[in-house]
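For reference, the chains in residue letters:
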Amino acid sequence: MNGGIETALVIGATSDIGRAIAHALAEDGCVLQLAARDPARLERETRDLRVRTRGAVTAHRCDVLDEDGGVSLLDTLDPLPDVAVCVVGRLGDQAKSQRDGAAAERVMRTNYVGPALLMGALAERFERRGGGVLVGISSVAGERGRASNYVYGSAKAGFTAFLSGLRGRLAASGAHVVTVKPGFVRTRMTDGMDLPARLTATPEEVAAAVVAAIHRPRDVIYVRRVWRPIMFVLRAVPERVFKRMSRL
Amino acid sequence: MMLAGWGRYPALDCRLERLRRREDLSGLLHRSTTLIARGNGRSYGDAALNPELTLSMRAMDRMRAFDAVTGRLDCEAGVLLADLLETFVPRGWFPPVVPGTRLVTVGGMIAADVHGKNHHRDGTFGAHVESLTLAGADGAIRECSREENADLFRATLGGMGLTGVILSARFRLRPVETAFVMAETRAARDLDETMALFEASRDWPHSVAWIDCLARGAGLGRAVMTRGAFMERGALPPGLASNPLRPAPAGKLRVPADAPSALLNRVSIGLFNALCYRRGRRRARAGARPIHFDRFFFPLDRIEAWNRLYGRRGFVQYQCVLPKGDSAAGVAALLERAAASGQGSFLGVLKLFGPAGEGLMSFPMEGYTLALDFPVRSGAAALLDGLDEITHRHGGRVYLAKDARCAPERLREGYPRLGAFEAVRDEAVGAPPRFASELSRRLAL
C-alpha cells in the first residue's frame, strides 16, 4: 500500500509533468483531484486517467492568474487531499519579458505569486489537520539569475524560498514540504530546444522521483543526480565570474 | 531532421512537428502545402515521411472512453498498441487484430489496415473499427463509419494517411481469460507440405510460418509453422494459473550497433535458416505448449532495434500477396528467385490470408502472403524488381506499409480499386492533395 495516502491533488495537471505525476500517483493507488486552467484540456486528461486506471478522478478548474490566485480551488476539494503537487509554471519569453512589463508580470505571477499563494492556503489547512505532503515543482533556474532567463528564474527563486520557509514553519505540525528542481525536462515547454541528453529527464522520471519523495519525505530533490554537483558548483561561482558566464 | 521508417531506407530530411491537441491542427495545415501524419515510425519504407511537414501523432495518446461490458474503446490515434495491451490485458481484454509488433499506434494500424496471424478468421484491424474521426484539408473533423461518410471510411482503412489525419477511433476489444496462447509447432519439408498445413490449420485462430528462404530444390519452401489459440483459464497448467492475465515477462535484448554488412552473407544466413528449421522440427515433436501472448505475437519486439542487424544502409522488406489459385507457382518462383540471388534474409514469413476486406487500398486478399527482408546493397534493386515482375505475373500486389521502391505502374496493376480510392480522396481532400508522403509522391498517388 502507499502509506495512508489516499487522495492527491495535482495543480497544473494538463502539463506534461503534471500528467505524468497524476498517472504515477494513480498507479500508486491514489484517488485523484486534477486542477488546471483550460476545462477542455482538463476533461481530456481526466477521461484518459479514468479509462487507464479505473480510479476515481475529479476535475477542478483553477487559474493562478485569477483575481484570487486560484485559491478558490480549495473550496471545491472534498476531501482535503493528503498530497498536493503544484506543477504550475510558464517559461515565457525572456526577450519579451524585458521589453514588456505585462508579459514579465504574467511570468512572475504564474511561477511565483500564484503557486505560492496556493501552497500557502493549502499549508493552512494541512497544518490545522496536522499532516499532509505539499510538493512544489520549482526549478534549477531559481538558483541564480542568469541573463538568458532571469525573469522566470527570479520567480522560481521566490517560489523555492517560499517553500523553504513553509517547510520550516510546518515542521512541527506533521505536514511536510518537498521542493523539486527537475533540471531540464523533455516537455512541451522545451520542445525544439537542443538539450544535453545526460541532463535531461523525461516527465515520467520526474513523476517517479516525486512519488518516491512523498513516500520517504525529502526536502529538496533534483531528478537527475548529476544536477546536485552542478548546482553546487554554480552556486559557488563568484558573481564577478558568473556575470560573464550568465548569458549561457 | 533526418527521418526514416523501420527499414531505415530511405532517410530524408523532414520538418517534424508534434501534434499535441486537435485544435492545433488547422494552424499547422495553414503553414504547409502538404503534410503526412506519422505514428511510431514502424512502417518500413517511406510511407510516413514528408520533407515539407511530417506530423508526429505520438502526443495524441489519450484514451477517451471504455465500456467494460462490451469492450468498446474510444482512443486517440497516437495511443500505442503496447499501451493498450498493458492497460487492458490485465482486465481480460485483447485487441481483435495485432500485427507483428506492439510498437505501432492505433492510427498507424488503421492507415496501413494491418493484419495479424488471425487474418484468415478475423480479417484486418480495420474490419473491427466501428468509427474514426478524420481531419480534412480544411481542418474540419469528420466522423467516418460504415453509416456516415462511408466512402471516406473505406478509403481511410489502408489509405496510408492520404485521406486526412486520423485523430481517434472506436473499436471493440475481445474478452480473453488468460494471457497465454496454446501454441503448436509443425515442420513442413517443402512448399506443398507447407501449404497443406495452412489448409489443415484453418480452424486455428492464429497461424503463421517461418520459411527457409535459402532452401532450394526438393527443400524449396520448407517451413516451420506455428499455430495457436488463446487458452481458457481452466486449461492453464498449475504454475501459470495463479496469475492468468500476467503482463509480459521482462527481459529484452538490444542490438547495440549497426551490424557490419559483411556479417550478412550466404554462409551466415544459410546457417541461421538451417538452425531455425532444425529447432522447429524439435519443437514440433514436443507438442503443444502454452506461451505468453507477447512471445507468440511479438517475438521480434524482444530484440530492441533489430533493424540494425541489416547494417547501416538499412533494409527493405518485400511483402506481397498472391491470389490463392496462383500462390503455389508464384511463391515457388519468388523463393527460387530470392534463393538464387544469394541475398536471402533472416526472416521469411508465409501466411494464408482470408478474403479481402472493405478498405479500398487494403493489402490482404485471399491467398498467400510472403515477406522477405533484404539489406540495401548493390544488386538488391534488381532482385526486388525481379520479384515485382513475378508478383505481377501471378496477379499479386505489394504491401505499401513495407514498400520503399515499387514502381507506380506495378502499384496500379496490383490495386484494382485504386481509381475508386483516388476519386474519394480527391473529393474529400481536394486537388492537389494536401496529405502526401514520399510514398505517395513516388507512386504518383
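Cut-offs applied
Residues numbered from 1 in each chain as written. Chains lettered and ligands numbered in written order. Predicted model: local features only at pLDDT ≥ 70, side-chain atom pairs only at ≥ 80, totals over all residues. Heavy atoms only, no water. Contact = heavy atoms within 4.5 Å. Buried area = accessible area lost by both parts, 1.4 Å probe. Salt bridge = Lys/Arg side-chain N within 4 Å of Asp/Glu carboxyl O. Polar contact = N/O pair within 3.5 Å; in protein donor to acceptor, adjacent residues only side chain to side chain. Helix = DSSP H or I, 4+ residues; strand = E, 2+ residues; numbered from the N terminus. Domains from an automatic or database assignment. Nonpolar A, V, L, I, M, F, W, Y, C, P; charged D, E, K, R; others polar.

## Some points on the interface of chain A and chain B
One frequently used descriptor of interface size is the decrease in accessible area upon assembly of the parts. Counting residues at the interface gives 15 residues for chain A and 18 residues for chain B. Of the roughly 1,400 Å² buried between chain A and chain B on both sides combined, carbon and sulfur atoms contribute 38%. Contact with chain B buries area across many residues of chain A, yet A:Arg44, A:Val51 and A:Arg52 alone supply 48% of it, more than any other trio. If you look at where chain A meets chain B, you find seven salt bridges. Of the charged contacts, one joins A:Arg44 and B:Glu76 as a salt bridge, the two residues approaching to 2.7 Å between their closest N and O atoms. Scanning the region where chain A abuts chain B turns up twelve residue pairs in polar contact (both at pLDDT 80 or more). Here the side of chain A that touches chain B gets eight residues from one element, more than from any other, and that element is helix α2 (residues 39-53) of chain A.

## Re the domain arrangement of chain B
All names here are of chain B. Each domain of chain B was delimited in the assignment, giving domain 1 (63-176) and domain 2 (180-403). Computed over C-alpha atoms, the centres of domain 1 and domain 2 are 24 Å apart. A combined buried area of about 2,800 Å² lies between domain 1 and domain 2, and 61% of that area is made up of carbon and sulfur atoms. Three residues stand out in domain 1 for area buried against domain 2, namely Arg102, Lys117 and His120, and they jointly supply 26% of the buried area on that side. Scanning the region where domain 1 abuts domain 2 turns up three salt bridges. Arg146 serves as the salt-bridge partner of Glu358, at 2.8 Å between the closest nitrogen and oxygen. Along the contact surface separating domain 1 from domain 2 lie 13 residue pairs in polar contact (both at pLDDT 80 or more). Its residues assigned to classes, the side of domain 1 that touches domain 2 shows 16 nonpolar, eleven polar and seven charged.

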